[in-house]
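Observations on the three-dimensional arrangement
Here is how the chains run, residue by residue.
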Amino acid sequence: MVSGAVPVRAGWRDYLILTKPRVISLLLLTTVGTMFIAARGFPGWIPLLGLLLGGYMSAGAAGVYNMICDRDLDERMKRTSQRPTVTGVVPAANAVVFAVTLTLLSFVVIALTSNLLASLLSWAGIAFYVVIYTLLLKRSTWQNIVIGGAAGAIPPLVGWAAVTGELNLLAWCLFALIFLWTPVHFWALALMIKDDYRAAGVPMAPVVIGVHATVLQMVIYAGLTVLLTVIPFVLNEFSVVYLAVALALNLVLALRVVRLWLRVESGGPVSRTAALPLYKYSMLYLALLFLTMALDRALFS
């Protein structure tokens, strides 16, 4: 900071940025979608609103802890260099207080509006994202997002537990679906900003094993994702309407992944422009898939 400059005071928007609201939107969609799937319709206002609020605080707390731990990496990456924890607008000590407050409040809100199991699962998501992914895996292995992706797959478990008080096979299928979808989604992003990761020293797949091997891994995980979307239908959890929509969504996903693979095989560069369509569609894919499952359980199953 320049001598004599007036320190910038943090506003509510700075603290909101710490919670990674764009990331949380998809997490909440899978959580709420699962509530409707488990309830075979509307799950009730109290658990729904409670999980929207508590779920946001829980996922937000994980985001804040992540920004605190990764300040040194974020400073070296163009995409993250203006985060409030990097610029100092929000001091680390204040961020820690904010994260702990969100963590405690999320547990109370979810427990009071649904049940203890849902609260414990939400805390498990925080712990896995912060300890396993951020502290142990992110800086040490290119498999970081594969294993660490389990944190982003926990929201369906929270949503299911909030409605039923237990976890069954379908709940774990939804968990596995997001777990297998995550590498396709995140490595598409990693391909777009691989130079940022290289500069920061983060061992993301495109940096460590190369673009060709990364895209091959994406093809494999996309295939597993497609396969897993069919299993709930085989288990008679969804109707043929769901299957038809899922197959259509899977077809587009497969075409976009294969297009990227053919580009790599032909020796073409995988630029931001090449990877962006898959990255954007992967988010739409997951949102539409959960919406379809929720509607199918309410109307046809």
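With respect to the element layout, Arg263 can be found in helix α15 (residues 240-265). A residue is classified by how much of its surface remains accessible, and Arg263, at 35% relative accessible area, is partly exposed. Between the C-alpha atoms of Arg263 and His212, which are 51 residues apart in sequence, the distance is 9.7 Å.

Given a rise of 1.5 Å per residue, 19 residues ought to cover 27 Å, and the 26 Å separating the end C-alpha atoms of helix α2 (residues 21-39) matches this to within 8%. Listing the buried residues of α2 in full gives Ile24, Leu26, Leu28, Thr30, Thr31, Val32, Gly33, Thr34, Met35, Ile37 and Ala38. Looking at the buried side of α2, the elements it contacts are α3 (45-69), α10 (155-164), α11 (169-192) and α16 (272-299).

Should the charged atoms of two oppositely charged side chains come close, the side chains can pair. Using the criterion set out here, one finds six salt bridges in the structure. The residue Lys138 makes a salt bridge to Asp70 at a minimum N-O spacing of 2.7 Å. On the criterion of sequence distance, the pair formed by Lys138 in the loop between α7 (116-137) and α8 (144-148) and Asp70 in the loop between α3 and α4 (71-75) is long-range, its members being 68 residues apart. Between Arg139 and Asp72 there is a salt bridge whose closest N-O contact spans 2.8 Å. Separated by 67 residues along the polypeptide, Arg139 in the loop between α7 and α8 and Asp72 in helix α4 bring together distant segments of the chain. Using a relative accessible area of 33% as the deciding quantity, one classes Asp72 as partly exposed. If you follow the salt bridges from partner to partner, you end up with Asp70, Asp72, Lys138 and Arg139 in one network.

Counted under the stated rule, the structure contains 11 aromatic pairs. Each ring, one from Tyr129 and one from Tyr133, has its centre 5.6 Å from the other, and the planes form 25°; the classification is stacked. You can see Tyr129 and its partner Tyr133 sitting in helix α7, four residues apart, about one turn around the helix. Of the residues examined, Tyr133 reaches a relative accessible area of 5% and is grouped as buried. On the numbers, 6.0 Å between centres and 75° between planes, the contact of Trp187 with Tyr221 is edge-to-face. Here the residue Trp187 occupies a position in helix α11, and Tyr221 occupies one in helix α14 (residues 211-234), the gap between them amounting to 34 residues. Residues Trp187 and Tyr221 agree in their burial class; the two are buried. Pairwise contacts between aromatic rings join Phe36, Phe42 and Trp45 into one cluster.

Reading guide: rules and limits
Residues numbered from 1 in each chain as written. Predicted model: local features only at pLDDT ≥ 70, side-chain atom pairs only at ≥ 80, totals over all residues. Heavy atoms only, no water. Helix = DSSP H or I, 4+ residues; strand = E, 2+ residues; numbered from the N terminus. Buried < 20%, exposed > 50% of the residue type's maximum accessible area, 1.4 Å probe, protein only. Expected span 1.5 Å × (residues − 1). Contact = heavy atoms within 4.5 Å. Salt bridge = Lys/Arg side-chain N within 4 Å of Asp/Glu carboxyl O. Phe/Tyr/Trp six-rings, centres within 6.5 Å; stacked < 30°, edge-to-face > 60°.

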